[in-house]
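Structural overview
Take a look at the letters that make up each chain.
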Amino acid sequence: MNKNPRDVILEPIVSEKSYALLDQGVYTFRVHPNASKPEIADAIRAIFEVEVVKVNTLNRDGKRKRNRRSPTLGQRPATKRAYVTLAPGDTIELFQA
């Protein structure tokens, strides 16, 4: 199934851990929950024109949050992250700013 690469890769993750992994050539993205590893790799190649070596994915459950005025609980949405390892020498300029 051909998907638009922008529908697979939703946004980059900006955190201390993601910036620490940049030195190792690993970039972190929030991806569509139904995206597979080959789809993620193809989308990264199409969008940023880099060589992808490895893709690791991580499903994160949404946190349960208490409502302030009523005794009910809500839940944040579950997300999926992708840790993308690039070939040595390849970089994504989006994270360098």
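You'll find the structure just up there.
First, a word on scope: everything that follows refers to the structure included in this document.

Calculation notes
- Residues numbered from 1 in each chain as written.
- Predicted model: local features only at pLDDT ≥ 70, side-chain atom pairs only at ≥ 80, totals over all residues.
- Heavy atoms only, no water.
- Helix = DSSP H or I, 4+ residues; strand = E, 2+ residues; numbered from the N terminus.
- Rg over C-alpha atoms; globule rule 2.2 N^0.38 Å.
- Contact = heavy atoms within 4.5 Å.
- Areas by Shrake-Rupley, 256 points an atom, 1.4 Å probe, with all protein chains shown as cover.
- Lys, Arg positive; Asp, Glu negative; His and termini not counted.
- Charge placed at Lys NZ, Arg CZ, Asp CG, Glu CD.
- Buried < 20%, exposed > 50% of the residue type's maximum accessible area, 1.4 Å probe, protein only.
- Salt bridge = Lys/Arg side-chain N within 4 Å of Asp/Glu carboxyl O.
- Polar contact = N/O pair within 3.5 Å; in protein donor to acceptor, adjacent residues only side chain to side chain.
- Expected span 1.5 Å × (residues − 1).
- Arc of directions from axis to C-beta.
- Patch = residues over 30% accessible without salt bridge, like charges linked within 9 Å, V, L, I, M, F, W, Y side chains within 5 Å.

Our focus in this paragraph is the overall build of the protein chain. Of regular secondary structure, the protein chain possesses 3 helices and 6 strands. Starting at the N terminus and walking to the C terminus, you meet the elements of the protein chain as α-β-α-β-α-β-β-β-β. Against the globule reference of 13 Å for 97 residues, the protein chain gives a C-alpha radius of gyration of 16 Å, more extended than a compact globule. Dimensions along the principal axes, computed over C-alpha positions, put the protein chain at roughly 55 × 35 × 20 Å. The long-range share in the protein chain, meaning contacts at least 24 apart out of those at least 6 apart in sequence, stands at 60%. Looking at the protein chain as shown, the accessible area adds up to about 6,900 Å², and 47% of this sits on carbon and sulfur atoms. Taking the average location of the 17 positive side-chain charges in the protein chain and that of its 11 negative ones, the two points are 16 Å from each other.

Further remarks concern the side chain of Lys80. Checked against the element boundaries, Lys80 lands in strand E6 (residues 79-86). The buried charged residue Lys80 lacks any salt bridge, with Glu39 as its nearest oppositely charged partner at 7.5 Å. One polar contact links the side chain of Lys80 to the main-chain carbonyl oxygen of Ala35, over a distance of 2.6 Å. In contact with Lys80, not counting residues within four places along its chain, are Phe29, Arg30, Val31, His32, Pro33, Ala35, Thr57, Leu58 and Asn59.

Its 12 residues place the ends of helix H3 (residues 37-48) 16 Å apart at the C-alpha level, agreeing with the 16 Å of an ideal helix rising 1.5 Å per residue. Within H3, burial applies to Ile40, Ala41, Ala43, Ile44 and Ile47. Around the axis of H3, the buried residues are gathered within 165° of arc, so they sit on the same side. The inward-facing, buried residues of H3 contact helix H1 (5-8), strand E1 (9-12), strand E2 (26-31), strand E3 (52-60) and E6. Of the residues one or two after H3, Glu49 is the one with positive phi, at around 55°.

Together, Lys17, Arg60, Lys63, Lys65 and Arg76 make up a region of like positive charge exposed at the surface. Mapped onto the fold, Arg76 is located in the loop between strand E5 (73-75) and E6. Judged by its relative accessible area of 45%, Arg76 is partly exposed.

Bringing the environment of Ala87 into the picture now. Relative to the helices and strands, Ala87 resides in the segment after E6. Each C-alpha atom of the pair Ala87 and Ala20 lies 17 Å from the other, and the pair is 67 residues apart in sequence. Excluding residues that lie within four positions of it along the chain, Ala87 makes contacts with Glu51 and Val53.

Fair warning: the whole summary comes from geometry, so function is off the table for now.
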